[in-house]
Structures are given as structure tokens and as C-alpha cells.
Amino acid sequence: MEKIKEKMNQLRFEADNAVTRAEDAEAKNKKYDQIILEKDQEITSMTHKISVLEAELDKVDAKLAEAKASQEEGESLKSTNENLTRKIALLEEELDAAEKNVKETMEKLRQVDVKAEHFERQVQRVEQERDQWEKKFEEMQQKYKQSQAELDNMVANMESL
């Protein structure tokens, strides 16, 4: 009888530990879900920045083309051409800065994508681990029910004696 009580206490302890671990796994899962949501938002933000920078790049390319066309109009507009030349230099610098920014943004997007994939794999692993713990918990509950039934049966047999 004492062994049965010890076994029941052990089973309860293991079941409580399994529940605690499952709750911890769920908390981690929620944390990873939040991180993924933040990374998704960051990806969306970076994608928007890329589209804005590409539009800006198109505008800068258009301005650069206009400036070069104006320069070819002739020597009589030399002073205008000098101003446009300065404008072209500034636009080229802006273009270089925009291209650099696009490259950096693309690299950040790639890194975010890699991190998102990593977190997705972690979430899948944690979910698998949670599923395993839930299965173990269900098995332990079944064992507990069987032990309880055996104990009830034994008590009934002892009382009938």
C-alpha cells in the first residue's frame, strides 16, 4: 500500500513537472511568435523602404537624364550648364547614397529573412517538443488512471476479504 502511495505521488510529481514544462514550452512558443511578428513587421518596413528608395532612384535617374540632355543643348547656355553640372554631381551623389542604402537595406532584409527562417525552425522544434510532452503527459495520465483502477480493484478485493 505504501509503495502504491509512493508510486501515485511520483506519478503526480511527474505529471506536475510535465505540465510545468508544457507551460514553459508554450510561453517560449508565444515569445517566438512575438519575435516572428516583429521580424515580419521589420521585413514589411524594409520592403516599403526599398520601394521608396527604388522610386527615389528612378526619380534621380530621370533627373540625371534631364540634366545631361540640358547640357547638350549648347555652349550658349554655358552658365546654365555649369549649374546643371553641379546639380548632376549632387544627383549622382544622391544616387550613390541611394544605391548604397538599397544595398544595405537588401542585406538587412536578407539577414531578417535568415533570422525569420531560423526562428521558424525554432518554433517548429519547440512545437514538436511540446507535442512530445503532451503525448508523454497523456501517457502518464493513462498510466495514472490504470494505476487508480488497479488500486480501486485492490481496495475492493481487500474489503471483500
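It should be noted that the structure appears before, not after, this text.
Residues numbered from 1 in each chain as written. Predicted model: local features only at pLDDT ≥ 70, side-chain atom pairs only at ≥ 80, totals over all residues. Heavy atoms only, no water.

Engineer: Teacher, can you tell me more about the pattern of salt bridges here?
Structural biologist: Once their charged atoms are close, side chains differing in charge can pair, the charge on each being opposite to the other. Counted under the stated rule, the structure contains four salt bridges. Note that Glu42 and Lys39 form a salt bridge whose closest N and O atoms lie 4.0 Å from each other. Of this pair, Glu42 and Lys39 are both found in helix α1 (residues 2-71), three residues apart, which corresponds to roughly one turn of the helix. On the basis of relative accessible area, Glu42 is assigned to the partly exposed category, the value being 31%. For Lys39, a relative accessible area of 16% gives the class buried. Here Arg130 ties to Asp131 by a salt bridge, and the two come within 3.1 Å at their closest N and O atoms. (Salt bridge = Lys/Arg side-chain N within 4 Å of Asp/Glu carboxyl O. Helix = DSSP H or I, 4+ residues; strand = E, 2+ residues; numbered from the N terminus. Buried < 20%, exposed > 50% of the residue type's maximum accessible area, 1.4 Å probe, protein only.)

Engineer: Would you mind going over the packing of aromatic side chains with me for this structure?
Structural biologist: Aromatic ring pairs: the centre-centre distance and the angle between the two ring planes describe each pair. Within this structure, the stated rule accounts for one aromatic pair. Taken together, a centroid distance of 6.3 Å and an interplanar angle of 35 degrees make the contact between Tyr32 and Phe119 tilted. Here Tyr32, found in helix α1, pairs with Phe119, found in helix α2 (residues 78-160); they are 87 residues apart in sequence, far enough to count as distant. Across the pair, exposure class does not vary: Tyr32 and Phe119 are buried alike. Taking the ring centre of Trp133 as reference, the NZ or CZ of Lys136 above it sits at 4.7 Å. (Phe/Tyr/Trp six-rings, centres within 6.5 Å; stacked < 30°, edge-to-face > 60°. Lys NZ or Arg CZ within 6 Å of the ring centre and 35° of its normal.)

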